[in-house]
Each structure stands twice: as C-alpha cells, then as structure tokens.
Number of protein chains: 2
Amino acid sequence: MVVPRVTVLAGGVGGARLAHGIALAGVSPDVVVNVGDDTELHGLWISPDLDTVLYTLAGLNDEERGWGLRGETYATLTQLAALGEDTWFTLGDKDLATHIARTARLRAGAPLSEVTAQLAAALGVNARLLPVTDDRVATLVDTPSGRLAFQEYFVRRRHADAVLSVEFEGIDAARPAPGVLDAVADADVVIIAPSNPFLSVFPVLGVAGVREAVRATAARRVAVSPIVGGQAIKGPAAQILETLGHDVSALGVARLYTGLVDVMVVDDTDVALAPAIRDLGLEVVVTDTIMGGPAGRERLARQVLAVAGHALP
Amino acid sequence: MVVPRVTVLAGGVGGARLAHGIALAGVSPDVVVNVGDDTELHGLWISPDLDTVLYTLAGLNDEERGWGLRGETYATLTQLAALGEDTWFTLGDKDLATHIARTARLRAGAPLSEVTAQLAAALGVNARLLPVTDDRVATLVDTPSGRLAFQEYFVRRRHADAVLSVEFEGIDAARPAPGVLDAVADADVVIIAPSNPFLSVFPVLGVAGVREAVRATAARRVAVSPIVGGQAIKGPAAQILETLGHDVSALGVARLYTGLVDVMVVDDTDVALAPAIRDLGLEVVVTDTIMGGPAGRERLARQVLAVAGHALP
C-alpha cells in the first residue's frame, strides 16, 4: 500500500485529536496549525493551539482537560502570583518549559516553524507540525463589552461574551510558513479538522495563498463537522455560528466550507442534514464523529481516509 | 535609641547572611548588591547574587545549599532538558518565577533596580535591595583554559580553574543605580560583607562613584573577613587570593580594603593576625565570624554594629 500524504488544517483540541488518530493509524500527517490564539504572558510566547497539537501527538496531553500536559504541577505559577503577576492563564511547570524554550529560540532569531519542528522532534512526534505562518496573526473578538484579545475572550472571560465579529490582526501581511502551501498542494488528502471555523480554521485559510491552495489542490478534501446535534463538541463554535447568523448545525458549517471541500463528514445524529448538504454540491459521509480517546480518534481518522479513497489496511 | 542607617556592600551568601542578621536585629539595611554574576539562560535574566540576598532576607532561602529557595521542585528544568535545552545551571520551579517575572519587566522597560524593589516588596523583605547598577556588568574570569563567563567558571566548571585575572566587562560605562551613592554617603555604618573580594566586592566598588563614595563617607566602615584560618567560608576566595599573589588570610583581605574601611572584623581563629592588620592603620575586632543560622547572623550583625559605635539594645 502506498501511504497517502495527509494534511490536516487544525486549531486546538479537535485538530489535535484527529491528527493523532491519523498518526495512530500509521500515517505521519502534516498538520497546519492556527496561531491566531498565540499570546504573550509573563514575557513568554505561548502558542496554545500548537501546543495542544504537540502534546496530543506526543501522547503527553491531559486527556481530561483537553489542553496542557498530564501530571502537571503549578509551583512556578503559584510563585508568579506571589510576585504580583496576573495569573489568570493557567501554566503548568512542564508546560512552561515549552514556552521558555520557544521564547528563547524565537528571541534568538529562529522562526516559529523551526522552533516548532525542534520541539516536535524533541518530544518524538510522528507528524510534521507547521504553524500556518511565522508572522504574527492575532485573533481579536468584538463583543458587546468591546474588542477583546483572543485569550482574554477565550480563557479569562471563559468565552461567555457574544461574538459580534472576529478579526485577524496582521493576517494581510502574514506569509505562509515554509512548507505550508506545499503541504496542501502535494497532499493526497486535505482534512479540515473538527475545529471552530471562525476561531481556528479561518485564521489558517486567511493566510496568503492557503485558501487558494485548498481550492486548487488535487487532493481529496474532507471536512469533519465540529457541530454535532446543534452543539459544539467543545468550546464556543455553536454560540458564534448563532450570533453571526449561521445555521447552528453541520449544514451551517458545510455552507462555510463550500468550494473548499469535497466531502463533509457529519455525525450519525445529523443524518437528517445529509440531503441539504448534498444540495450544496458536497458528498456527505455519516458516521460516529465523537473521538474521545485514542481508539476513537484512530477509528475516525481511518474512516476519513477511507472516505477520501485511501482506506488503510 | 536612634536606629543607625546601615548599608551593606554584598555579593551572594556572605552578604545575604549578614544583611539578614542586621534585619533580624531590627535594622532595615540598604544592601548594594553585585550584578557581575548576572547571566541569561533560556532567555531569562538571572541575577544570582540579588536573588540570594532577596531569598535570604525573605526567609525563603535554602539554608543547606546557601542558594535558591527552600522546598524547590524541578519539573520545568527536567522538561527543558527533554526539549533539548542545556540545563547545567540548576533552576527550581519557584526560582524560575523570579527569573520569568524579572525578565518580563526588564523587557517591558523597567530598570533592574525598580524590578528588584518590586520583588523585595512582594516577598515582604525588610531591607532596601539595590543592584549596584542598572547597566550590564559581566564578570569574566581568565583561566589557563581561557576566558570564561562568570557562571561558566563558577557553576558549570565548579570554580575549579585557576583564576589568572578578573575583568568586569561594561563596568566603565556603568552608572550606579538610583540610591546607591546616597546609601553609602548617608549611612552611619557601611559594611563590606564577608563576600569574595575579587568576584563580589570589587565589581560593586568598581561602578563609577562607589569606591569614591566609600572613601568619602562619614560612616564608620567595617569589613568582615571572608577568609577564616586561611580558608574561605564558601567559594573560591582562598584560591583566587593565592593565584593572584595575595596573602590567603584576613590580613591579605585587609590589605585589599586599606583606605576603604576603618575596622576589620576577623575570626577568633585569626587573632594572631591582628597586630599586622593594625599596622595597616585599621582597627581590628576579633570575634566569632561564622554565621551559620539566623541566631549566628544576628549575633555577628549586632557585633559589627557595636564595633561601629551603634550597639543595639
């Protein structure tokens, strides 16, 4: 069997789990990851989506929380609070090592893509992790309380604010990181992970050339709906679809991806939406899309690859 | 009783313990601290002498090791090693909080003196901690193996190399931090702590105006010998005195401080050196200079202040 070249466009948890499933199925994917949620705290550069993908693929992630490392301690954060630092963003001791090493290497002049590759290699990750850009893109969220930096909205205020619009500051000037466009162009399968379309996928597609590469690739393009039975599996995707006037459903998501994907994978729960999605010109595959642990994510990954015509033995 | 104004010129452990003794005796000292041992590791700005003084005065120091915080854990350092960082310099999780907060504030534009004051206030320190300068001074050590950065010599190579000469890079351009010269000029007592003359005291005295301020102050000036019975209480002071051609004794130290101090405090062990030190024009007080724990350092502090004419009740 020829191993297919698989590229996943990913945000945090959903993308991390599906990419992990692909790796567990024996295929080393390229994972193009959102950086719009990156932030600087305590002078450290933090890339939460990249880290979620990194830790999940390394098998070191905290499965219960969905983010961070397993078995964390918080000695540094506790002491940072004692020193008068504002510690609303939880940073474990082991996790801090990632941020310290990344920040030091970035300040020494290495681009984020190079640092990411080093970290992935050090943790034995069987995948190529690509930040979508080495340039700074900052997701900003407009809410009734004003414009919020992403982590201010997402973590500090627990995504409780209604999202009126989303802007990606710096995206017009951002160039794709080395390897990103080729990863899309040369793939056999491009997967849009079950990540938040507005907060995770659009800041990936919005970097110069990425959306065009997805449109133009000869790969089979498959999106997995992050909305199941009208709910987001995790996070605020459902609320955002609603406040922005979209259908809070796999159909609403499918409309956002029209022209970008060939196949929409929706959950069994949403079987009734299949005809309407097909009417958009998309193929529809109905399956159990809830990944849970490693077995579930490998099962879904195999199914997605089979859908794309690359069934694994 | 009028509380005397006391200024201590300090390196690490010896200065920290004597300053702590003064604070325990009820006098809040100004402590002017060496920064020549500062270093950047993993992109973090580390000020070992300042931190030893800070932690000791806060009562948080590890008494057994003499440096660092009590009850440390090493989760971040272990993970930094896993990520390919060179971790020869031990950094505890709580200690890292100091370096992270300091580095963030320095990068945001605050001078080291301001950051140091913030950290001391946050940890409830009853003393004014003053880095001798906000500018960069780097102690460099010439050895038979070549020139070494200070922590390379001191920690990585465990001060095993013979010291042929010591240079303080940047010291000619360094300006004293706000408050330093006044702390010397306005003091009732100036104490040169039992720190390494070459590695701790000279890089303090060498900053523009500090040596002159010590010469000119109306304060009683007392030095405590870091050499007891021909040995350093801690660190490489004895070897350095020897390779640089000085007497490895309290007398050798007294010669280095001639013109800068009025009184030399030497250990009971060294009573035989008193006449020769007096011949230098210095008063000599012979006492038990080994500080050990808090009781010992308060005892020595009270004695030094009494020697200077400021006996506490």
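Above this text is the structure in question.
Note that the structure is predicted; figures quoted are calculated from it, not measured.

The rules we used
- Sequence order as written defines residue numbering, which begins from 1 separately in each chain.
- For naming, the first written chain is A and the first written ligand is 1, with later ones following in the order written.
- Per-residue local features of the predicted model are confined to residues with pLDDT of at least 70, and side-chain atom pairs are confined, for both listing and counting, to 80 or more; whole-chain, interface and lining totals are unaffected and use all residues.
- As a rule here, side-chain values come from all non-hydrogen atoms in the structure, and water together with hydrogens is ignored.
- Each helix corresponds to a stretch of at least 4 residues labelled H or I by DSSP, and each strand to a stretch of at least 2 residues labelled E; elements are numbered beginning at the N terminus.
- Our radius of gyration looks at C-alpha atoms and nothing else; its globule reference is 2.2 Å times the residue count to the power 0.38.
- When a residue's accessible area, from a 1.4 Å probe over protein chains only, is under 20% of the maximum for its type it is buried; when over 50% it is exposed; and in between it is partly exposed.
- Note on definitions: a residue-residue contact is assigned when non-hydrogen atoms from the two residues lie within 4.5 Å.
- For this count, His and the chain ends are skipped, Lys and Arg are scored as positive, and Asp and Glu as negative.
- Lysine's charge is taken at NZ, arginine's at CZ, aspartate's at CG and glutamate's at CD.
- Side-chain atoms alone can form a polar contact between residues adjacent in sequence; in general such a contact is a pair of N or O atoms within 3.5 Å, and within protein one must be able to donate a hydrogen while the other accepts it.
- Computed with a 1.4 Å rolling probe, the buried area is the accessible surface lost when two parts are put together, summed over both parts.
- Salt bridge, as used here, is a side-chain nitrogen of Lys or Arg placed within 4 Å of a carboxyl oxygen of Asp or Glu.
- Charged residues are taken to be Asp, Glu, Lys and Arg, nonpolar residues to be Ala, Val, Leu, Ile, Met, Phe, Trp, Tyr, Cys and Pro, and polar residues to be all remaining types, Gly included.
- In this analysis the probe radius is 1.4 Å and the grid spacing 1 Å, with only protein atoms considered; a cavity is a set of points the probe fits into but cannot get out of, a pocket is an open set with protein on both sides within 12 Å along at least five of seven lines, and lining residues have an atom within 4 Å of a point.
- Grid points are joined across faces, edges and corners, and a volume is the space filled by probe spheres set on the points.
- Taken from the helix axis, the directions to the C-beta atoms give the arc we talk about.

Participant: I tried to follow the overall build of chain A on my own but got confused; where do I start?
Facilitator: Broken down by element type, chain A carries 13 helices and 14 strands. For a compact globule of 313 residues, the expected C-alpha radius of gyration is about 20 Å, and chain A comes in at 18 Å, within 12% of that figure. Across its three principal axes, chain A shows a C-alpha extent of roughly 60 × 45 × 35 Å. Counting only residues that meet the buried cut, chain A has 58% of its 313 residues in that class. For chain A, long-range pairs separated by at least 24 residues make up 66% of all intrachain contacts whose partners lie at least 6 apart in sequence. Within chain A, one finds 25 positive and 37 negative side-chain charges whose respective centroids are separated by 2 Å.

Participant: Looking at this structure, how should I read the side chain of B:Asp161?
Facilitator: Residues and elements named next belong to chain B. Note that Asp-161 resides in the loop between helix 6 (150-156) and strand 8 (165-169). Among the polar contacts made by the side chain of Asp-161, one reaches the side chain of Arg-157 at a distance of 2.9 Å. Residues contacting Asp-161, with those up to four places away along its chain left out, are Thr-143, Ser-145, Leu-148 and Tyr-153.

Participant: Is there a simple way to explain the interface of chain B and chain A in this structure?
Facilitator: Quite often, the size of an interface is put as the accessible area lost when its parts meet. Each partner contributes residues to the interface: chain B has 25 residues there, and chain A has 25 residues. Note on chain B versus chain A: buried area summed over both sides is about 2,100 Å², and carbon and sulfur give 67% of it. Taken together, chain B and chain A are joined by 2 salt bridges. Residues B:Glu85 and A:Arg105 are paired through a salt bridge, measuring 2.8 Å at the closest nitrogen-oxygen approach. If you look at where chain B meets chain A, you find 6 residue pairs in polar contact (both at pLDDT 80 or more). Counting residues per element, the ones that place at least two in the side of chain B that touches chain A are helix 3 (75-82), helix 4 (93-107) and helix 5 (112-122) of chain B. Grouping the amino acids of the side of chain B that touches chain A by side-chain chemistry returns 13 nonpolar, 7 polar and 5 charged.

Participant: Just to check I follow, could you spell out empty space enclosed by the protein for this structure?
Facilitator: In this approach a probe as big as a water molecule rolls over the atoms, and the regions it shows empty are the leftover space. All chains considered together, the criterion is met by 4 cavities of 30 Å³ or more. In this structure, the largest cavity encloses a volume near 50 Å³. If you go around the largest cavity, you meet 14 residues; those closest to its centre are A:Gly43, A:Leu44, B:Gly43, B:Leu44 and B:Thr103. For the lining of the largest cavity, the secondary structure elements donating two or more residues are helix 4 (93-107) of chain A together with helix 4 of chain B. In the lining of the largest cavity, the residues fall into 6 nonpolar, 6 polar and 2 charged.

Participant: What is the right way to read helix 5 of chain B from this model?
Facilitator: Because each turn of an α-helix spans 3.6 residues, side chains separated by three or four positions end up pointing in the same direction. Residues and elements named next belong to chain B. Every buried residue belonging to helix 5 is among Leu-112, Ser-113, Val-115, Thr-116, Leu-119 and Ala-120, and all of these are buried. All buried residues of helix 5 lie within an arc of 160° about the axis, which places them on one face of the element. Taken together, the buried residues of helix 5 touch helix 2 (48-57), helix 4 and strand 5 (128-131). One or two residues past the end of helix 5 sits Gly-124, with phi positive at roughly 70°.

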